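An overview of the molecular structure
The chain contents come next:
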Amino acid sequence: MQYGMLVKMPNSFPQTDLEAYLDETLPPEEIAAIERLLREDRRLVQQLASIHARRNAGVHSVSEIWRAHRLSCLSREQLGSFLLQALPDEMADYVAFHLKVVGCRFCLANLADLKAQQHEDRHSTQSRRRKYFQSSAGYLRRR
Ligand SMILES: [Zn+2]
């Protein structure tokens, strides 16, 4: 119970820890813990983004930080599911945040590649179906 609550309540992260995270002054294991949570908790992402926005006069942009850490980068599978609109809402929001707010070039390139690939797949599935239909039609006729 205790453990579950800890996992489910990433907002228990003190603001100062998140600030330190942005400043990259946290010990590595705390950075790792925050990054793990960022992957699954949208509120924490928003909290981090708003802290960053508040101190926007800072040296680095949030996109620089995210790109540097690659912490938010998405797998091909996740991006593919996003294209197919098959992701749970929270994950879809996260992907949209990553692509539109962070504007991660790495993931945008990956997404563009996947789009092209899906387009091709659709084409070849159609022609495969057509071929299959034609051959089975021929087969039926021969019988
Ligand atoms: Zn990315």
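Just above, that's the structure.
Quick summary incoming for the structure in this document.

Thresholds applied
- Residues numbered from 1 in each chain as written.
- Predicted model: local features only at pLDDT ≥ 70, side-chain atom pairs only at ≥ 80, totals over all residues.
- Heavy atoms only, no water.
- Helix = DSSP H or I, 4+ residues; strand = E, 2+ residues; numbered from the N terminus.
- Contact = heavy atoms within 4.5 Å.
- Areas by Shrake-Rupley, 256 points an atom, 1.4 Å probe, with all protein chains shown as cover.
- Expected span 1.5 Å × (residues − 1).
- Buried < 20%, exposed > 50% of the residue type's maximum accessible area, 1.4 Å probe, protein only.
- Arc of directions from axis to C-beta.
- Polar contact = N/O pair within 3.5 Å; in protein donor to acceptor, adjacent residues only side chain to side chain.
- Core = buried A, V, L, I, M, F, W, Y, C linked by side-chain atoms within 4.5 Å.
- Axes fitted to C-alpha atoms, helices over the stretch in contact; angles between N-to-C directions.
- Parallel < 35°, antiparallel > 145°, perpendicular 65-115°, else oblique.
- Left-handed = near helix turned anticlockwise from the far one by under 90°.
- Nonpolar A, V, L, I, M, F, W, Y, C, P; charged D, E, K, R; others polar.
- Donors = N, O, S within 2.8 Å, 3.2 Å for Na, K, Ca; no water.
- Tetrahedral: all angles 85-135°; square planar, octahedral: opposite > 155°, others 65-115°.
- Salt bridge = Lys/Arg side-chain N within 4 Å of Asp/Glu carboxyl O.

1. Let's talk about the overall build of the protein chain
Within the protein chain, the secondary structure is distributed over eight helices and zero strands. Expressed as a percentage of contacts within the protein chain between residues at least 6 apart in sequence, the contacts between residues at least 24 apart total 64%. A total accessible area of about 9800 Å² is found for the protein chain, and carbon and sulfur atoms account for 55% of it.

2. What about helix H4 (residues 42-54)?
For H4, built from 13 residues, the straight-helix expectation of 18 Å at 1.5 Å per residue is met to within 8% by its first-to-last C-alpha distance of 18 Å. Among the residues of H4, those classed as buried are Leu44, Val45, Gln47, Leu48, Ile51 and His52. What you see down the axis of H4 is that its buried residues fit within an arc of 160 degrees, all on one side. Two or three places before Arg43, at the opening of H4, Asp41 has a side-chain oxygen 2.9 Å from that residue's backbone nitrogen.

3. Notes on the nonpolar core
By size, the foremost hydrophobic cluster in this structure holds 28 residues, and its most contacted members are Tyr21, Ile34, Leu38, Leu74, Leu79 and Val95. At the level of elements, helix H2 (15-23), helix H3 (28-40), H4, helix H7 (89-102) and helix H8 (105-142) are the ones that each hand at least two residues to this core. Ranked by residue count, the leading element in this core is H7, at seven residues.

4. Concerning the packing of H2 against H4
Packing of H2 against H4 leaves a shortest axis separation of 10 Å and a crossing angle of 70 degrees. As the angle between them shows, H2 and H4 are arranged roughly perpendicular. Seen from above, H2 lies across H4 with right-handed handedness. Contacts between H2 and H4 pair Gln15, Leu18, Glu19, Tyr21 and Leu22 from the former with Leu44, Gln47, Leu48, Ile51, His52 and Arg54 from the latter. Its residues placed into classes, the contact of H2 with H4 shows six nonpolar, three polar and two charged.

5. What about the coordination of the zinc ion?
Only Cys73 (SG), His98 (NE2), Cys104 (SG) and Cys107 (SG) from the protein coordinate the zinc ion, and they sit 2.0 to 2.4 Å from it. For the zinc ion, the four donor atoms in the first shell make angles of 93 to 126 degrees at the metal, a pattern classed as tetrahedral. Here the donor residues of the zinc ion share one chain and are spaced in sequence as C-x24-H-x5-C-x2-C. One end of the pair, Cys73, is in the loop between helix H5 (62-69) and helix H6 (76-83); the other, Cys107, is in helix H8, with 34 residues separating them in the sequence. Taking the relative accessible area as the measure of exposure, Cys107 reaches 0% and is therefore buried.

6. Comments concerning the pattern of salt bridges
Here the structure, examined in full by the defined rule, presents three salt bridges. Arg43 is the salt-bridge partner of Asp41, the closest N and O atoms lying 3.3 Å from each other. Looking at Asp41, the relative accessible area reads 11%, which means it is buried. A salt bridge links Asp113 to Arg76, with the shortest nitrogen-to-oxygen separation between them at 2.8 Å. Within this pair, whereas Asp113 is found in helix H8, its partner Arg76 is found in helix H6, the two being separated by 37 residues in sequence. Taking the relative accessible area as the measure of exposure, Arg76 reaches 30% and is therefore partly exposed.

7. As for the environment of Val101
Among the structural elements, Val101 can be located in helix H7. Val101 gets classed as exposed once you look at its relative accessible area, which sits at 53%.

Nothing here speaks to function; it is geometry throughout.
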